[in-house]
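Below, each chain spelled out in residue letters.
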Amino acid sequence: MPLTPLDIHNKEFGRKLRGYDEDEVNEFLDQIIKDYEAAIRENKEMQSHAAGLQDKLNHFANLEETLSKTIIVAQEAADEVKSNAKKEAQLIIKEAEKNADRIVNDALTKSRKIAMEVEELKKQASIYRARFRTLVEAQLELLSQDGWEALERAEVKELY
């Protein structure tokens, strides 16, 4: 067990005939007591300071652990957001591709329908032209018959 300043103060030495000077020994012991008390005080202050530093160290270690966990959670959240964004982008792309396919198919269907209508109109125009030609040729045939010349030579009689 370590000595205390009180133990040093209360220490009594045996006396001998040719011993040390009692006043010098007492002065020296008083100096030792003062130095020892100062060392004990300093030791307590250092222990208190060390405890404070240990508390700060523990605080910062906890803060570091919390920040580390926060960073991990933030990274996981960012990864999840990124993953969700990729999935959403893929869905949007698939939907756009479906819409594009539908639009292209609708355009092809309309194009085919218009092409069929154009062909039908060409057929009808060809038929109309053929009929009109036949009609014109028939009219020309009528005009080229001999009966018209006789009508031109005939006189119109006045009926009045």
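For clarity, every value in this text was computed on a predicted model and none was experimentally measured.

## Here we look at the overall build of the protein chain
Then, number 1: Looking only at helices and strands, the protein chain has three helices and zero strands in total.
Then, number 2: Walking the protein chain from its N terminus toward its C terminus, one meets helices and strands in the order α-α-α.
Then, number 3: Against the 2.2 N^0.38 benchmark of 15 Å for 160 residues, the protein chain shows a C-alpha radius of gyration of 63 Å, more extended than a compact globule.
Then, number 4: Referenced to the eigenvectors of the C-alpha coordinate spread, the extents of the protein chain come out at roughly 200 × 30 × 25 Å.
Then, number 5: Put simply, the protein chain has 160 residues, and 2% of those count as buried.
Then, number 6: When the accessible surface of the protein chain is split by element, carbon and sulfur atoms take 58% of a total near 15,700 Å².
Then, number 7: When the 25 positive and 33 negative side-chain charges of the protein chain are each reduced to one mean point, those points stand 8 Å apart.

## Let's talk about the layout of surface pockets
Then, number 1: Empty space within the largest pocket amounts to approximately 430 Å³.
Then, number 2: Residue lining of the largest pocket: 14 residues in total, with F13, G14, R15, E22 and V25 positioned closest to the centre.
Then, number 3: At four residues, the largest contribution of residues to the lining of the largest pocket is made by helix α2 (residues 22–144).

## Points about the pattern of salt bridges
Oppositely charged side chains can form a pair if their charged atoms are brought close together.
Then, number 1: According to the stated counting rule, one finds three salt bridges in the structure shown.
Then, number 2: A salt bridge links E65 to K69; its shortest N-O distance comes to 3.2 Å. Here K69 and E65 lie together in helix α2, a separation of four residues that amounts to about one turn.

## Structural notes on the packing of aromatic side chains
Then, number 1: Counted under the stated rule, the structure contains one aromatic pair.
Then, number 2: Arranged with centres 6.0 Å apart and planes meeting at 15°, the rings of Y128 and F132 form a pair that is stacked. In this pair, Y128 and F132 are both assigned in helix α2, four residues apart and thus about one turn of the helix distant.
Then, number 3: The class of F132 is partly exposed, set by a relative accessible area of 45%.

## Observations regarding a negative patch on the surface
Then, number 1: Judged by side-chain charge, D21, D23, E24, E27 and D30 come together as a negatively charged surface patch.
Then, number 2: When you line up the elements, D30 lands in helix α2.

Quick notes on the rules
- Note on numbering: residues in each chain are counted from 1, in written sequence order.
- This being a predicted model, a pLDDT of at least 70 is required before a residue's local features are given, and a value of 80 or more before pairs of side-chain atoms are given or counted; all residues contribute to the totals for chains, interfaces and linings.
- Hydrogens and water are ignored here; the side-chain numbers use all heavy atoms of the structure.
- Here a helix means four or more residues in a row that DSSP labels H or I, a strand means two or more in a row labelled E, and each is numbered from the N terminus.
- The globule rule used here is 2.2 Å times the number of residues to the 0.38 power, and the radius of gyration it is set against is calculated over C-alpha atoms.
- Type-normalised accessible area, obtained with a 1.4 Å probe on protein chains alone, sets the label of each residue: buried when under 20%, exposed when over 50%, and partly exposed for intermediate values.
- Accessible areas in this description were obtained via Shrake-Rupley with a 1.4 Å probe; residue shielding takes into account the shown protein chains only.
- In this charge count, Lys and Arg are treated as positive and Asp and Glu as negative; neither His nor the chain ends contribute.
- The location of each charge is read from NZ of Lys, CZ of Arg, CG of Asp or CD of Glu.
- We place a 1 Å grid over just the protein atoms. Points where a 1.4 Å probe fits but has no way out form a cavity, open points with protein on both sides within 12 Å along at least 5 of 7 lines form a pocket, and any residue with an atom within 4 Å of a point lines it.
- Grid points are joined across faces, edges and corners, and a volume is the space filled by probe spheres set on the points.
- The working definition used for a salt bridge is a side-chain nitrogen of Lys or Arg within 4 Å of a carboxyl oxygen of Asp or Glu.
- Two aromatic rings from Phe, Tyr or Trp, using only the six-membered ring of Trp, form a pair when their centres are within 6.5 Å; if the ring planes differ by under 30 degrees the pair is stacked, by over 60 it is edge-to-face, and anything between is tilted.
- Each patch is built from salt-bridge-free residues with over 30% relative accessible area, joining like charges within 9 Å and nonpolar side chains (Val, Leu, Ile, Met, Phe, Trp, Tyr) within 5 Å.

Everything listed here is a matter of geometry and, on its own, says nothing about what the molecule does.
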